[in-house]
Amino acid sequence: MKTGELAVPRDVNVVLLALDTPGAQSEHVAAWTQVASVLEVWAGAEGSGSGQVNVVAPLAGMRRVLSVLVGGSARAWAQRLTSDSKFMTRSAHADMIVAMDSAAVAALTRLGGDHVIVQANGWPVGAPERSLSALEVVAAWDAQLAAIDTELRSHTTRDARWEAVQPLLAHLDTTDISHIPSALAPWPATLSLAEAAIRRLPPQLVADLVSQWSQAYSASAPSWIRAALRAWQLVLAYPTLNEPTEAEADEAFVDLMAQVDQATADGQPELGLALLAPAVALRFHRSRHSNVTKSPLTDQTRTFLAPLTDAPAWQHLTDDSSPRPGTRSTRRPAGQARGPARVLVLPGAHGEFHRDVIAALGGFAAVTVADTVKHTEFSRQRPATVDFLLIRALRQGRVDLAAGTIDGQEPQTPALQTHLRRLAKLESQMKRHDVIFADWADAATMWASQLCPKGVRLVVRVHSLDLLDAWLHLIDWRGVHTLLATTPAMVSLTDDLTAGRPKHKTPQLVGPYRPDFATWPGDKPADASHTLGMVGWGRRVKRVDFALDLLDRDPSRNLILIGPGFGTSTDASIEEYAGVANQRIADLGDRVEVVGQTEDVAGHLRRVGFILSASNREGWHLGLMEGAAAGAVPVVRDWSLLTSHGGARLQFPDEWVIEDVAQADERIRAVQASGWSEASRRSREQVLRLVDAEAVRERTIHLVLRK
């Protein structure tokens, strides 16, 4: 099967065995001759690569070999087969042996082995059309999957892709496959298609599709495909209002990891890695960790990660016992004076916070910003099967990026071909620099850690959301020289999450470089003390409902919301939250001013007397700092997701931090009663000390450049 998304190569080798029924043998051979033509259509020509089906030994040759093996007991047959080197060689490479008569069944049973044995009476003599129809189902899958892959790559929106592939999906036969031998059934293609559809098609429509497959395969499919489809069902259920419980998710994950371990133990590492994709998607789903007030990933880190990171397949995937594949950096031309350090910035998939580092390095570095965020391979939210396969191949030294080959051969799937080209370009860029600064622990950073050339420093800075994704756990820490974190709480969380890294690479605290804060005007209009503000509010994790609750407690208060509002989401719970919040904002009328995206943040903050931070989690929360720099008094609800790591109290003055709406209301009233102007002045001084521009710049230069 050669679809662009298929990541599990499948070469099915078939041996036909007829022993003492010459008449039936000829009829079966005739039937299989017809089937062989179907197999040829389904599999592709000799040497076509993944998905190829090889009929071991030409049928005529098999008849000649077996012509002397007529008559005798099962024991005698087993002995003669064992001594027949040609048969033993063929059967050793066979995925399936078709036993064409009872003697063959008896002999193979006595012979033993791990082969898939199909009894010919399952496809009876005189009814070759049944074997043909079974394999025609698989042939149809191949044709349809190739067409589906083309359509998935030909359209840019999920809805357009669905419109194009829906008729093709409708033709996939999922109802009459129970009699197809497991070695020939389209299970790997099903797994691959489910993963591709989830990433590229509208979630609810894919959920219905995967549910149909799960029901159709409930009896006939092997346990690993059932466990994988169950995991994908739960992944798709998270964005609905009927999301799975923690117990359901944990049970499905444990069941699937058992299949991962079994595939690995059975010598099927590619299948094990393919099963890791739904397992990781389920374990690290953002609905479990990102938009919640508490998460086992942050509170019981080791216990939560152990079932994944201790699994043999994961240990094998992240094994660092072999030398790193990284090549040497490109040296400066002979005679060229050593100028500023050559720094390549990987900007990250979650925001443009890298600009502060570029500013801090000014005069000390020649900076280039990579375009990694434009490419899916470096910006996708969670690892795909193709990522796992490439990581394993890279760590085993089987990849030649310059030639675009794995094990000396060009990959058959477009997804792998494209991925290799992207990695080759990234490696080439890295070789021409002295330092790589990777902002966020995302896919690009993970690949940089695998490829970082010898003699090049790789500095990784983690923030908040990226610590909750799986990419962090795939980083090759041998390639990372310095690890930075944004707040004391994030230093603590990063330390727990990366417990397997070398101990000398402890996360280092680094603040934002904002020399402009000192120039922000601190004067305020007279009514500022009754105006609340939030910068960056249009996501559920920011908890704008907290600010609206504070308005409900005092009719004299107003609210200014700076930044984009809620965008369209495929997550029903987020849409529900946004709908309620937007309605509350509308009901409050002119008491709430929505500024939206603006270049004049300082100008709008001049009117704000209290700057709010109500998030479940934050890195620096620059919007809060910007408010304080503009003279607004901070009110910070302790970041609930991070309280086990010190939360906001480790980052900010204790007087800023409160626990709930009631304490926030008390703080606002107390400041107003005791003198808001003095509190405003003090808040501005505190934030300027907190992010002392010169100290931050010196520390950034030291940590990134080692100057």
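A brief look at the structure comes next.

Definitions and cut-offs
- Residues numbered from 1 in each chain as written.
- Predicted model: local features only at pLDDT ≥ 70, side-chain atom pairs only at ≥ 80, totals over all residues.
- Heavy atoms only, no water.
- Helix = DSSP H or I, 4+ residues; strand = E, 2+ residues; numbered from the N terminus.
- Buried < 20%, exposed > 50% of the residue type's maximum accessible area, 1.4 Å probe, protein only.
- Contact = heavy atoms within 4.5 Å.
- Areas by Shrake-Rupley, 256 points an atom, 1.4 Å probe, with all protein chains shown as cover.
- Core = buried A, V, L, I, M, F, W, Y, C linked by side-chain atoms within 4.5 Å.
- Pairing = 2+ DSSP bridges.
- Right-handed = clockwise from strand over helix to strand, strands pointing away.
- Axes fitted to C-alpha atoms, helices over the stretch in contact; angles between N-to-C directions.
- Expected span 1.5 Å × (residues − 1).
- Parallel < 35°, antiparallel > 145°, perpendicular 65-115°, else oblique.
- Left-handed = near helix turned anticlockwise from the far one by under 90°.
- Nonpolar A, V, L, I, M, F, W, Y, C, P; charged D, E, K, R; others polar.
- Salt bridge = Lys/Arg side-chain N within 4 Å of Asp/Glu carboxyl O.
- Phe/Tyr/Trp six-rings, centres within 6.5 Å; stacked < 30°, edge-to-face > 60°.
- Bend = angle between axes of the 7 residues up to and from the residue.

The next subject is the overall build of the protein. Within the protein, the regular secondary structure consists of 29 helices and 18 strands. With 707 residues in all, the protein has 57% of them scored as buried. Long-range pairs, those at least 24 residues apart, make up 74% of the contacts in the protein with a sequence separation of at least 6. As displayed, the protein has an accessible area near 28300 Å², and 50% of this comes from carbon and sulfur atoms.

This brings us to the nonpolar core. Core analysis: the biggest nonpolar cluster contains 139 residues, and Leu191, Trp232, Leu276, Leu282, Phe388, Trp447 and Leu605 have the highest contact counts within it. Dropping the residues within four chain positions of it, Leu282 is found in contact with Ala231, Leu234, Val235, Tyr238, Ala249, Ala252, Phe253 and Arg288. Val544, Leu548, Leu561 and Ile585 belong to the second largest nonpolar core, which has 31 residues in total.

Bringing the pairing of strand E13 (residues 531-535) into the picture now. Burial analysis of E13 places five of its five residues in the buried class, which makes it a mostly covered element. In E13, alternate side chains face the same way, and those of Thr531, Gly533 and Val535 on one face and Leu532 and Met534 on the other are all buried. Relative to strand E14 (residues 558-562), E13 runs parallel, the two sharing five bridges. Following the sheet pairing, Thr531 is matched in E14 by Asn558. With respect to chirality, the unit in which E13 leads through helix H23 (residues 544-552) into the neighbouring parallel E14 is right-handed.

So, on to the sheet that holds strand E18 (residues 657-658). Read across the sheet, six strands follow the order E15-E14-E13-E16-E17-E18 without closing on themselves; strand pairing throughout is parallel. Edge positions in the open sheet fall to strand E15 (592-596) and E18, since each of these has one partner strand only. In terms of strand pairing, E14 meets E15 through four bridges, oriented parallel. By the bridge assignment for E15, Ile562 is matched with Gly596. Packed onto the sheet, helix H28 (residues 676-690) meets strand E16 (610-613) and strand E17 (633-637) and runs at close to 75° relative to E17.

What follows concerns helix H8 (residues 187-200). Helix length check: H8 (14 residues) gives 20 Å between terminal C-alpha atoms against 20 Å at 1.5 Å per residue, within 8%. Of all 14 residues in H8, 13 are buried, a share of seventy percent or more.

Of note in this structure, Asp407 is not a glycine but carries a positive phi near 55°. Note on placement: Asp407 falls in the loop between strand E8 (405-406) and helix H20 (414-431).

Two numbers describe how helix H12 (residues 269-283) lies on helix H19 (residues 385-395): the axes approach to 8 Å, and their chain directions differ by 135°. When the interaxial angle is binned, H12 and H19 end up oblique. The two elements H12 and H19 cross, and the hand of that crossing is right-handed. Contacts between H12 and H19 involve Pro269, Glu270, Leu273, Ala274, Leu276, Ala277 and Val280 on the former and, on the latter, Thr385, Phe388, Leu389 and Arg392. Looking at the contact of H12 with H19 residue by residue, the class counts come to eight nonpolar, one polar and two charged.

When their charged atoms lie close together, side chains carrying opposite charge are able to pair. Using the criterion set out here, one finds 35 salt bridges in the structure. Among the ionic pairs, Asp407 bridges to Arg398, the shortest N-O distance being 2.9 Å. Arg398 gets classed as partly exposed once you look at its relative accessible area, which sits at 23%. As a salt-bridge pair, Arg478 and Asp476 come within 2.8 Å of each other at their nearest N and O atoms.

A two-sided burial pattern is seen for strand E11 (residues 482-485), the buried positions comprising Thr482 and Leu484 on one face and Leu483 and Ala485 on the other. The sheet contact formed by strand E10 (residues 457-462) and E11 spans four bridges and is parallel. From the neighbouring strand, Val462 faces E11, where its bridge partner is Ala485. With two bridges joining them, E11 and strand E12 (residues 508-509) adopt parallel strand pairing. Counterpart to Ala485 in the pairing with E12 is Leu509. The parallel pair E11 and E12, bridged by helix H22 (residues 488-497), forms a crossover whose chirality is right-handed.

Along the chain, Arg557 falls in the loop between H23 and E14. The class for Arg557 is buried, based on a relative accessible area of 1%. Each residue touching Arg557, except ones within four places of it in the same chain, is listed here: His530, Leu532, Leu550, Leu551, Arg591, Asp665, Ile668 and Arg669.

This part takes up the packing of aromatic side chains. Counted according to the given criterion, the structure contains eight aromatic pairs. When the ring of Trp537 is compared with that of Phe566, the centres are 5.7 Å apart and the planes differ by 85°; the resulting orientation is edge-to-face. Of this pair, Trp537 sits in the loop between E13 and H23 while Phe566 sits in the loop between E14 and helix H24 (572-587), and the two are 29 residues apart along the sequence. You can call Phe566 buried: its relative accessible area is 17%.

Taking 1.5 Å of rise per residue, 15 residues should cover 21 Å, and H12 covers 20 Å from first to last C-alpha, within 8% of that figure. At Ala277, H12 shows its maximal bend, which comes to roughly 25°, and the proline Pro278 appears one to four places after that position. Here H12 lies mainly inside the structure; 13 of its 15 residues are buried.

A separate point is the sheet that holds strand E6 (residues 365-369). Read across the open sheet, the six strands follow the order E6-E5-E9-E10-E11-E12; overall the sheet is parallel. Lying at the two open borders of the sheet, with one neighbouring strand each, are E6 and E12. Against the sheet, helix H21 (residues 443-451) makes contact with strand E5 (341-346), strand E9 (435-439) and E10, and its axis sits at roughly 155° relative to E10, the strand it touches most. Across the face of the sheet, H22 comes into contact with E10, E11 and E12 while running at roughly 135° to E11.

This next bit is on the environment of Ala147. With respect to the helices and strands, the residue Ala147 is situated in helix H6 (residues 128-154). Under the relative-accessibility criterion, Ala147 is labelled partly exposed at 27%.

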